[in-house]
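# Results of the structural survey
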Amino acid sequence: MQTYFYDIHWDRETVIDDEGTSHFDDGSAIYYARIVASRIARCGKGERVRIHVRDAAGRLLSIQCPGPLRALSDHQAAIRSIVERDIARQWMMAG
């Protein structure tokens with residue numbers, strides 16, 4: 001497992017992640033950031049939400065914005081289930 005950090009940029013405010021979270025690879029970490037951005041966007045002012053994904057070395061991997069609220073393809077649904085399984089494992093290991 002690798003550690004990733006999620007910095008939230010929202011309406012001229014920035015929350016820097018100094019704890020990080022573990023994921024199995026870059027793809028699942030980036031996908032998770034997209035989900036977080038979309039969930040924050042549902043609360044309002046979503047067009048201003050940006051999630052910066054950094055690796056353990058501090059290197060910027062991706063900047064994610066809210067995604068359109070549409071049905072997922074089979075491939076996207078499979079990836080989402082993998083990410084959700086990984087998150088559930090993390091909670092179990094931490095708790």
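Procedures and definitions
Residues numbered from 1 in each chain as written. Predicted model: local features only at pLDDT ≥ 70, side-chain atom pairs only at ≥ 80, totals over all residues. Heavy atoms only, no water. Helix = DSSP H or I, 4+ residues; strand = E, 2+ residues; numbered from the N terminus. Buried < 20%, exposed > 50% of the residue type's maximum accessible area, 1.4 Å probe, protein only. Contact = heavy atoms within 4.5 Å. Areas by Shrake-Rupley, 256 points an atom, 1.4 Å probe, with all protein chains shown as cover. Expected span 1.5 Å × (residues − 1). Arc of directions from axis to C-beta. Polar contact = N/O pair within 3.5 Å; in protein donor to acceptor, adjacent residues only side chain to side chain. Pairing = 2+ DSSP bridges. Core = buried A, V, L, I, M, F, W, Y, C linked by side-chain atoms within 4.5 Å.

## Structural notes on the overall build of the protein chain
Secondary structure summary: the protein chain contains 2 helices and 5 strands in total. Mapped in sequence order, the helices and strands of the protein chain form the string β-β-β-α-β-β-α. Out of the 95 residues in the protein chain, the part that is buried amounts to 28%. In the protein chain, 54% of the contacts between residues at least 6 apart in sequence involve partners at least 24 apart. Accessible surface, the protein chain as shown: approximately 6400 Å² in total, 55% of it carbon and sulfur.

## With respect to helix 2 (residues 74-94)
The end-to-end C-alpha distance of helix 2, which contains 21 residues, comes to 30 Å, matching closely the 30 Å that a straight helix rising 1.5 Å per residue would cover. Taken as a whole, helix 2 has its buried residues at Val-83, Asp-86, Ile-87 and Gln-90. Looking straight down helix 2, one finds its buried side chains confined to an arc of 100°; they lie on one side. The exposed set on the far side of helix 2, more than 90 degrees from its buried face, consists of Asp-74, Trp-91 and Met-92. Where helix 2 is buried, its residues meet strand 3 (21-23) and helix 1 (26-41).

## With respect to the side chain of Ser-62
Within the secondary structure layout, Ser-62 lies in strand 5 (residues 60-64). Ser-62 gets classed as buried once you look at its relative accessible area, which sits at 13%. In terms of polar contacts, Ser-62 uses its side chain to reach the side chain of Gln-64, at 2.6 Å.

## Considerations on the pairing of strand 1 (residues 2-10)
Across 3 bridges, the pairing between strand 1 and strand 3 is antiparallel. Residue pairing for strand 3: Thr-3 is matched across the bridge by Ser-22. Bridge count between strand 1 and strand 4 (residues 49-55): 7 bridges; the pairing is antiparallel. Across the sheet, residue Ile-8 finds its bridge partner in strand 4, namely Ile-51. Alignment of strand 1 against strand 2 (residues 13-15), held across 3 bridges, turns out to be antiparallel. Looking at the pairing, Ile-8 lines up with Val-15 of strand 2. Between strand 1 and strand 2, which follow one another and run antiparallel, lie 2 residues, and Asp-11 among them has a positive phi close to 50°.

## Focus: the nonpolar core
Within the largest apolar cluster, 9 residues are counted, these being Tyr-4, Tyr-6, Ala-29, Ala-33, Ala-37, Ile-40, Val-49, Ile-51 and Val-53. Secondary-structure elements contributing two or more residues to this core are strand 1, helix 1 and strand 4. Not counting residues within four places of it along the chain, the set of residues in contact with Tyr-6 comprises Val-15, Asp-17, Thr-21, His-23, Ala-29, Tyr-32, Ala-33, Ile-51, His-52 and Val-53.

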